[in-house]
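Geometric and topological summary
Chain by chain, the residues:
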Amino acid sequence: MAALKYAGLEDTDSEEELPPGWEERTTKDGWVYYANHLEEKTQWEHPKSGKRKRVAGGLPYGWEQETDENGQVYFVDHINKRTTYLDPRLAFTVEDNPVKPTTRQKYDGNSTAMEILQGRDLSGKVVIITGANSGIGFETAKSLALHGAYVILACRNSSRGSDAVQRILLEWHKAKVEAMTLDLASLQSVKHFAEAFKSKNVPLHILICNAAVFGAPWSLTEDGLESTFQVNHLGHFYLVQLLEEVLRRSSPARVVVVSSESHRFTEIKDSSGKLDFSLLSPSKKEYWAMLAYNRSKLCNILFSNELNRRLSPHGVTSNSVHPGNMIYSSIHRNWWVYTLLFTLARPFTKSM
């Protein structure tokens, strides 16, 4: 529950915005208190600002205050013939012992996914995240789930995906999370995943193309393509094509493609300036792991830009993102040299 509590108790765009699961109420004599439905408790202080408040002035004309059989205050609007538990005077409150606000930078290099989403209620949103059983993908999945979204962890290894789901449920047993098998190195697997998702008949509001391999030795997929290119780019490209109609029907929706600053250190054109397809899926003799990774990340950005151009008029936006330099995750696992490099750099890198 620690992460869930942390999810909504810091800064948001509005200091007065309540975290998910909280409700503002008033006592019979006009003091404001806050009910936490997730933990079934109440408190006098605002859960984020720590301020105490009371309503100002009397009820509007035609309103009357009553108390139900459980002792809870409710309000009757005799003019419009309706009742509500929401005090109409909550729009006009004054602070009790005002607290001087503090100033801090909202987002910086130390910000986490949980902090970015603080105060957001994502209930009803459906999210797919590829490679979500570890690293950036897992932290993103956990953060979205703890803020109410229904999150599908699209993972190559079903056992690790299930373990990741259990880890999120340990944080909050009401989280809506599910693991589904997706192997981006198999276009057939991508197709099966898309079909299985469509069969659920649910919308898709956010698709995060996160999965990637780094520093992998040369190999061909079952589709006859170089693995880094297919896993990092082509598999995601195909997945988006298969789910495009669902995204359109779910608008406003978005696609997020996790790329890298390393896209700057490569080229995919030949000497005449034309696209060189042999560079995208090179032979073993022409393969260099770092270059293959950089090219796949460049493809990510080009794809995301064109996708946004085509789909944004239909309410679907696409953005490519750089997750940060040398973030310590398991992406370096394919070669001991990269593992050593990341281990040495770990004290100076951003933690998950």
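Preceding block: the structure.
The structure contained in this document is the topic of the report that follows. (Residues numbered from 1 in each chain as written. Predicted model: local features only at pLDDT ≥ 70, side-chain atom pairs only at ≥ 80, totals over all residues. Heavy atoms only, no water.)

**Overview of the overall build of the protein**
- Each helix and strand in the protein was counted, giving nine helices and 14 strands.
- Evaluated residue by residue, the protein yields a buried proportion of 43% over its 352 residues.
- When contacts within the protein are restricted to residue pairs at least 6 apart in sequence, those whose partners lie at least 24 apart make up 66%.
- Carbon and sulfur atoms make up 52% of the accessible area of the protein, which totals about 19,000 Å². (Helix = DSSP H or I, 4+ residues; strand = E, 2+ residues; numbered from the N terminus. Buried < 20%, exposed > 50% of the residue type's maximum accessible area, 1.4 Å probe, protein only. Contact = heavy atoms within 4.5 Å. Areas by Shrake-Rupley, 256 points an atom, 1.4 Å probe, with all protein chains shown as cover.)

**As for the sheet that holds strand E12 (residues 206-209)**
- Strand order in the open sheet formed by six strands is E11-E10-E9-E12-E13-E14, and the pairing between neighbours is parallel. Here the strands that pair on one side only, and so sit at the sheet edges, are strand E11 (176-181) and strand E14 (316-321). Adjacent strand axes in the sheet meet at a mean angle of 15 degrees, parallel and antiparallel pairs treated alike.
- Where strand E10 (residues 150-155) lies against E11, six bridges are found, and the strand directions are parallel. Bridge assignment links Cys 155 to a residue of E11, and that residue is Thr 181.
- Packed on one face of the sheet, helix H3 (residues 135-145) meets strand E9 (126-130), E10, E11 and E12 and runs near 170 degrees to E9.
- Sheet strands touched by helix H8 (residues 289-311): strand E13 (253-258) and E14. Its angle to E14, the strand with the most contacts, is close to 160 degrees. (Pairing = 2+ DSSP bridges. Axes fitted to C-alpha atoms, helices over the stretch in contact; angles between N-to-C directions.)

**As for the nonpolar core**
- Counting 31 residues, the largest nonpolar core has Ile 128, Phe 193, Phe 197, Leu 204, Leu 207, Leu 243 and Val 255 as its most contacted members.
- Contributing elements (two or more residues each) for this core: E9, E10, helix H5 (187-198), E12, helix H6 (227-249), E13 and H8.
- Looking at this core element by element, the count peaks at seven residues for H6.
- Core analysis: the second largest hydrophobic core is formed by 25 residues, Met 114, Ala 149, Leu 153 and Val 177 among them. (Core = buried A, V, L, I, M, F, W, Y, C linked by side-chain atoms within 4.5 Å.)

**A word on unusual backbone geometry**
- Along the chain, Ser 251 connects to Pro 252 via a cis peptide bond; the corresponding omega equals 5 degrees.
- Here Pro 252 shows up in the loop between H6 and E13.
- One non-glycine residue, Asn 201, adopts positive backbone phi at about 55 degrees.
- Residue placement: Asn 201 occurs in the loop between H5 and E12.

**A look at the packing of aromatic side chains**
- Per the counting criterion, the structure on display carries four aromatic pairs.
- Summarising the aromatic geometry, the rings of Tyr 33 and Trp 44 are spaced 6.2 Å apart at their centres and angled 70 degrees between planes, so their arrangement reads as edge-to-face. Placement of the pair is Tyr 33 in strand E2 (residues 32-36) and Trp 44 in the loop between strand E3 (41-43) and strand E4 (52-55), with a sequence separation of eleven residues.
- Taking the centre distance of 4.8 Å and the plane angle of 90 degrees together, the rings of Phe 214 and Tyr 293 count as edge-to-face. (Phe/Tyr/Trp six-rings, centres within 6.5 Å; stacked < 30°, edge-to-face > 60°.)

**Side note on the packing of H5 against H6**
- As a packed pair, H5 and H6 sit with axes 10 Å apart at the nearest point and diverge in direction by 30 degrees. Relative to H6, the element H5 is oriented roughly parallel. The two elements H5 and H6 cross, and the hand of that crossing is right-handed. On H6, the residues touching Leu 187, Val 190, Lys 191, Phe 193, Ala 194, Phe 197 and Lys 198 of H5 are Gln 230, Gly 235, Tyr 238, Leu 239, Leu 242, Leu 243 and Val 246.
- Partitioned by chemical class, the residues of the contact of H5 with H6 number ten nonpolar, two polar and two charged. (Parallel < 35°, antiparallel > 145°, perpendicular 65-115°, else oblique. Left-handed = near helix turned anticlockwise from the far one by under 90°. Nonpolar A, V, L, I, M, F, W, Y, C, P; charged D, E, K, R; others polar.)

**Here's the deal with the pattern of salt bridges**
- Summed over all chains, the structure comprises eleven salt bridges.
- Here Arg 52 and Glu 45 are joined by a salt bridge, their closest N and O atoms 2.9 Å apart.
- Residue classification places Arg 52 among the partly exposed positions, given a relative accessible area of 36%.
- Close ionic contact of Asp 87 with Arg 89 constitutes a salt bridge, the shortest N to O distance being 3.0 Å. Of the two residues, Asp 87 and Arg 89, both sit in the buried class.
- Members of the salt-bridge network, linked through shared partners, are Glu 306, Arg 309 and Arg 310. (Salt bridge = Lys/Arg side-chain N within 4 Å of Asp/Glu carboxyl O.)

**Some details on the sheet that holds strand E6 (residues 73-77)**
- In spatial order, the strands read E5-E6-E7; together these three strands make up an open sheet with antiparallel pairing. The open sheet is flanked by strand E5 (63-67) and strand E7 (82-84), the only strands paired with a single partner. When the angles between neighbouring strand axes are averaged without regard to direction, this sheet yields 30 degrees.
- Strand direction decides the pairing type here: E6 and E7, joined by three bridges, are antiparallel. Looking at the pairing, Phe 75 lines up with Thr 84 of E7.

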